[in-house]
Amino acid sequence: MNYKGAIFDLDGVICQTEELHYLAWKALADRLNIYFDHEINARLRGRSRMACLEIILERANAEYTSLEKEAFAAEKNAIFADSLRKVGVKDVSDDVRETLKSLKERGVALAVASSSKNAPEILERIGLEDAFDAIADGHDLISADDDPSAVLQAEERMEELFLKAAEKLGLTPGECLVVDDAVPGIDAGLSGGFLTAGVGTAASYEKTGYKLTKPSDLLSI
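Residues numbered from 1 in each chain as written. Predicted model: local features only at pLDDT ≥ 70, side-chain atom pairs only at ≥ 80, totals over all residues. Heavy atoms only, no water.

Identification of the protein chain as HAD-IA family hydrolase from Candidatus Scatosoma pullistercoris is taken from an unreviewed UniProt entry. Its UniProt record gives the protein chain a comment under Cofactor (unreviewed entry), which states: "Mg(2+)". Of the protein chain, the UniProt comment under Sequence similarities (unreviewed entry) reads exactly: "Belongs to the HAD-like hydrolase superfamily. CbbY/CbbZ/Gph/YieH family." (UniProt positions renumbered as here; feature names shortened; annotations may be inferred.)

Considering the packing of helix α3 (residues 49–56) against helix α4 (residues 66–83)
Across the interface, α3 lies against α4 with an axial gap of 10 Å and an inter-helix angle of 105°. When the axis of α3 is compared with that of α4, the two are roughly perpendicular. For the pair α3 and α4, the contacting residues are Arg49, Met50, Leu53 and Glu54 in the first and Lys69, Glu70, Phe72, Ala73 and Asn77 in the second. Broken down by class, the residue content of the contact of α3 with α4 amounts to 4 nonpolar, 1 polar and 4 charged. (Axes fitted to C-alpha atoms, helices over the stretch in contact; angles between N-to-C directions. Helix = DSSP H or I, 4+ residues; strand = E, 2+ residues; numbered from the N terminus. Parallel < 35°, antiparallel > 145°, perpendicular 65-115°, else oblique. Contact = heavy atoms within 4.5 Å. Nonpolar A, V, L, I, M, F, W, Y, C, P; charged D, E, K, R; others polar.)

So, the pattern of salt bridges
One pass over the full model with this rule turns up 12 salt bridges. Among the salt bridges present, the one from Lys69 reaches Glu54, with a minimum N-O distance of 3.0 Å. Within this pair, whereas Lys69 is found in helix α4, its partner Glu54 is found in helix α3, the two being separated by 15 residues in sequence. Overall, the relative accessible area of 28% leaves Glu54 in the partly exposed class. Note that Lys104 is salt-bridged to Asp133, the shortest N-O span being 4.0 Å. Here Asp133 lies in the loop between α6 (119–125) and β3 (134–136) and Lys104 lies in helix α5 (residues 94–105), a separation of 29 residues in the sequence. Accessibility expressed as a relative area gives 34% for Lys104, which makes it partly exposed. You can call Asp133 partly exposed: its relative accessible area is 46%. (Salt bridge = Lys/Arg side-chain N within 4 Å of Asp/Glu carboxyl O. Buried < 20%, exposed > 50% of the residue type's maximum accessible area, 1.4 Å probe, protein only.)

Quick notes on the sheet that holds β3
Pairing is parallel across the open sheet formed by 6 strands, whose spatial order is β3-β2-β1-β4-β5-β6. A strand with exactly one partner marks an edge of an open sheet, and here the two such strands are β3 and β6 (210–211). As paired strands, strand β1 (residues 5–9) and strand β4 (residues 176–180) are joined by 4 bridges and run parallel to one another. Each bridged residue has a counterpart across the sheet, and for Phe8 the counterpart in β4 is Val179. On the sheet, helix α8 (residues 183–191) packs against β4 and β5 (195–198) and is oriented at approximately 165° with respect to β5. (Pairing = 2+ DSSP bridges.)

Re the nonpolar core
Within the largest apolar cluster, 33 residues are counted, with the highest numbers of intra-cluster contacts made by Phe8, Ile14, Leu100, Leu128, Phe132 and Leu218. Among the elements of the structure, β1, α1 (18–31), α5, β2 (109–113), α6 and β4 are those that each provide at least two residues to this core. Ignoring anything within four residues of it in the chain, the contact list for Ile14 reads Phe8, Asp9, Asp91, Val92, Val96, Leu100, Ile126, Leu128 and Phe132. (Core = buried A, V, L, I, M, F, W, Y, C linked by side-chain atoms within 4.5 Å.)

Description of the packing of aromatic side chains
A complete count under the given rule lists 4 aromatic pairs for this structure. With centroids separated by 6.2 Å and ring planes inclined at 70°, the aromatic side chains of Phe8 and Phe132 adopt a geometry described as edge-to-face. Of the two residues, Phe8 is situated in strand β1 and Phe132 in the loop between α6 and β3; the sequence distance between them amounts to 124 residues. The pair formed by Phe8 and Phe132 is uniform in burial state, with each residue classed as buried. Arranged with centres 5.5 Å apart and planes meeting at 25°, the rings of Tyr22 and Phe36 form a pair that is stacked. A residue pair is termed long-range when its members are at least 10 positions apart, and Tyr22 in helix α1 and Phe36 in the loop between α1 and α2 (38–42) qualify at 14 residues. When sorted by exposure, Tyr22 lands in the same class as Phe36, which is buried. (Phe/Tyr/Trp six-rings, centres within 6.5 Å; stacked < 30°, edge-to-face > 60°.)

If you want it as structure tokens, here you go:
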């Protein structure tokens, strides 16, 4: 293997909780009578909670105060947190579990990088809280969620998380492989100087270093 550490995006790579985020935002948007669909939801990938809210409010017919926006973001998170009760070990494939086990046996350091502040809880619910050597999540981001200058900086946020994950592993970016299912994640990895591997949508992206059909393909890199 030509990498010492593997840094995984959580949603869409390790487990499938992205739909729960979508449903939570959809519930909020419906209550506010704002149109929201999966195409708009795709723009939210890798962004902070407040940045996601700003995108949704682009279609609003009213202006909202900062306090109202904070309340909306908290409402969405409460809906999402409640839906996490449905998440369990069933939401992780056997291929993912076996791949993580094999990588660890080969001495590869493992980390999760997720913009969600719920990452530790999700890992616990899917039974992988002890599978990773480090977690970099929303709590590690220097840019505050309510910082207007960081509203649309998805790639920058993911790059920051990947760099923090590598730092926690005690490795340089060049020694780490970023595994993501989204194009912004791959671009963030490349910008940070990481090796990249893509699954799902990212597997067909021309800039992706290693194109995977399944997580276990990592074992042959």
